[in-house]
Structure formats: C-alpha cells, structure tokens
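# Report on the structure
Now for the letters of each chain:
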Amino acid sequence: MNVGRLIAYCALAAWAAIVLAPGNALAQERKSMVTTRVEVTGEVGRKLSLSVEDLRGLAQRRGQVAAGGYGGIRLTDLLEEADIRRDERYALRRTYVVATASDGYHAVFSWGELFNTPVGREVLVAFERDGSPLREGEGRIALVSLADERIGPRHVKWLSRIDVRRVPE
C-alpha cells in the first residue's frame with residue numbers, strides 16, 4: 001500500500017471514529033430530533049401533550065386510520081379532541097394549523113381545507129408505517145398529507161407541535 005493511500009485510510013478511520021462515537025455531538029443532535037410526544041396548543045379549549053401510546057389509545061377510541069402505508073389518527077380527530085375555540089365571530093374561517101417538527105420544519109393547513117375538503121380526510125398524525133412503529137428517521141410521530149398533489153412538502157418528520165392559530169380580524 002502506498003503512503004498516500006495509508007494516510008487517506010487512517011484519516012477516514014479517525015473521522016469515522018469521531019463522528020460515529022456514541023458520545024459525539026452530531027450523533028446526539030440527530031437523536032435529539034426524535035420525537036416521542038406531540039403538543040397541541042393555541043386556540044384550543046384543551047391543550048394536549050400526547051405520547052405515542054396516548055395517540056394509539058385516542059386512535060382506538062376515535063378510529064385508527066391506515067392509508068398510504070401509514071397508521072395513525074386523522075389530524076381533524078385530534079383537533080376535535082383539543083376542541084378548537086369558536087369564541088369569536090367567524091373564528092373557524094380565520095383559523096389555521098401549523099405543524100412543527102423538532103428541527104424547525106413547518107407545514108400549514110387552513111381550517112377550511114382540513115374540515116371542508118377531501119384533503120382533510122387524508123392528513124394523518126402517524127405513529128406506524130407498514131404495521132410497525134415509525135423509525136427514528138421519522139421521529140416516532142409524523143404528520144403526513146396523503147392527498148396533496150405534490151408529495152413531500154407537508155410531510156413533517158419529527159412532529160413535535162400542532163399549533164392552532166387565527167388570522168386577526
């Protein structure tokens with residue numbers, strides 16, 4: 001083996017040992033994005049903080065949904081459980097929902113889109129894929145919008161919060 005290759009091999013081995021070490025900050029940062037709870041906050045009557053098991057129990061009570069390989073609960077059912085406030089005139093038509101991932105990624109839905117169109121029936125807070133728990137790459141809890149024409153932009157891995165907001169009058 002020539003000296004150049006030996007140096008490159010040693011450098012690669014040292015890099016791998018550092019990056020892949022159990023206590024490495026990069027590995028910990030990646031792991032810290034994994035979500036095991038989702039909060040439902042904002043313009044709701046009941047703020048929720050739900051674990052995967054809480055979501056599973058709620059889905060059993062309200063009706064678990066399986067679509068596109070995912071298993072979970074419809075976002076609309078979760079929002080009904082949180083009881084979106086209707087305390088102002090035209091409150092619902094000014095309401096929107098922001099789904100936030102632990103890495104800061106956001107996806108937005110209007111109340112009308114969720115509750116008055118076919119898209120809303122296909123937005124899931126998922127905790128299973130192909131009958132197994134979601135992997136760490138999706139965060140144990142994810143939000144998927146399966147009826148979108150362009151897939152991907154409203155797929156929220158590592159879902160950590162669902163915030164119900166209103167456009168001011």
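The model shown is predicted, which means the values in this text are computed figures rather than measured ones.

A few words on the confidence of the model for the protein. Averaged over the protein, the pLDDT score is 86; the fraction of residues at 70 or greater is 82%. Here residues 3–29 is modelled with pLDDT under 50, and outside its nearest four sequence neighbours on either side it reaches nine contacts, counting other chains as well.

For arginine 140, which is not glycine, the phi dihedral falls at a positive 70°. Its location among the elements puts arginine 140 in the loop between β8 (132–133) and β9 (142–145). Taking relative accessible area as the criterion, arginine 140 reaches 29% and is therefore assigned partly exposed. For tryptophan 158, which is not a glycine, the phi torsion comes out positive at approximately 60°. Inspection of the secondary structure assignment puts tryptophan 158 in the loop between β9 and β10 (159–166). What makes tryptophan 158 buried here is its relative accessible area of 8%.

The next thing to look at is the packing of aromatic side chains. According to the stated counting rule, one finds one aromatic pair in the structure shown. A ring pair is formed by tryptophan 111 and phenylalanine 115, whose centres lie 5.4 Å apart and whose planes are at 20°; its orientation type is stacked. In this pair, tryptophan 111 and phenylalanine 115 are both assigned in helix α5 (residues 111–116), four residues apart and thus about one turn of the helix distant. For tryptophan 111, a relative accessible area of 18% corresponds to the buried category.

Quick look at helix α4 (residues 75–82) now. Across the eight residues of α4, seven count as buried, placing the element largely inside the fold. Here α4 has its buried residues at Leu75, Thr76, Asp77, Leu78, Leu79, Glu81 and Ala82.

For glutamate 43, the location among the structural elements is in the loop between β1 (37–42) and β2 (48–51). According to the relative accessible area criterion, glutamate 43 is partly exposed, its value standing at 24%. Between the alpha carbons of glutamate 43 and alanine 91 there is a distance of 9.7 Å; along the sequence they are 48 residues apart.

It is worth spelling out the pattern of salt bridges at this point. Two side chains of opposite charge can pair, provided their charged atoms sit close to one another. One pass over the full model with this rule turns up 18 salt bridges. Glutamate 88 is the partner of arginine 94 in a salt bridge, and the nearest nitrogen-oxygen pair spans 2.7 Å. By relative accessible area, which is 13% here, arginine 94 ends up buried. The class of glutamate 88 is partly exposed, set by a relative accessible area of 39%. Through salt bridges with shared partners, one network takes in Glu43, Arg85, Asp87, Glu88, Arg94 and Arg166.

About the criteria used
- Residues numbered from 1 in each chain as written.
- Predicted model: local features only at pLDDT ≥ 70, side-chain atom pairs only at ≥ 80, totals over all residues.
- Heavy atoms only, no water.
- pLDDT = per-residue confidence, 0-100.
- Contact = heavy atoms within 4.5 Å.
- Helix = DSSP H or I, 4+ residues; strand = E, 2+ residues; numbered from the N terminus.
- Buried < 20%, exposed > 50% of the residue type's maximum accessible area, 1.4 Å probe, protein only.
- Phe/Tyr/Trp six-rings, centres within 6.5 Å; stacked < 30°, edge-to-face > 60°.
- Salt bridge = Lys/Arg side-chain N within 4 Å of Asp/Glu carboxyl O.

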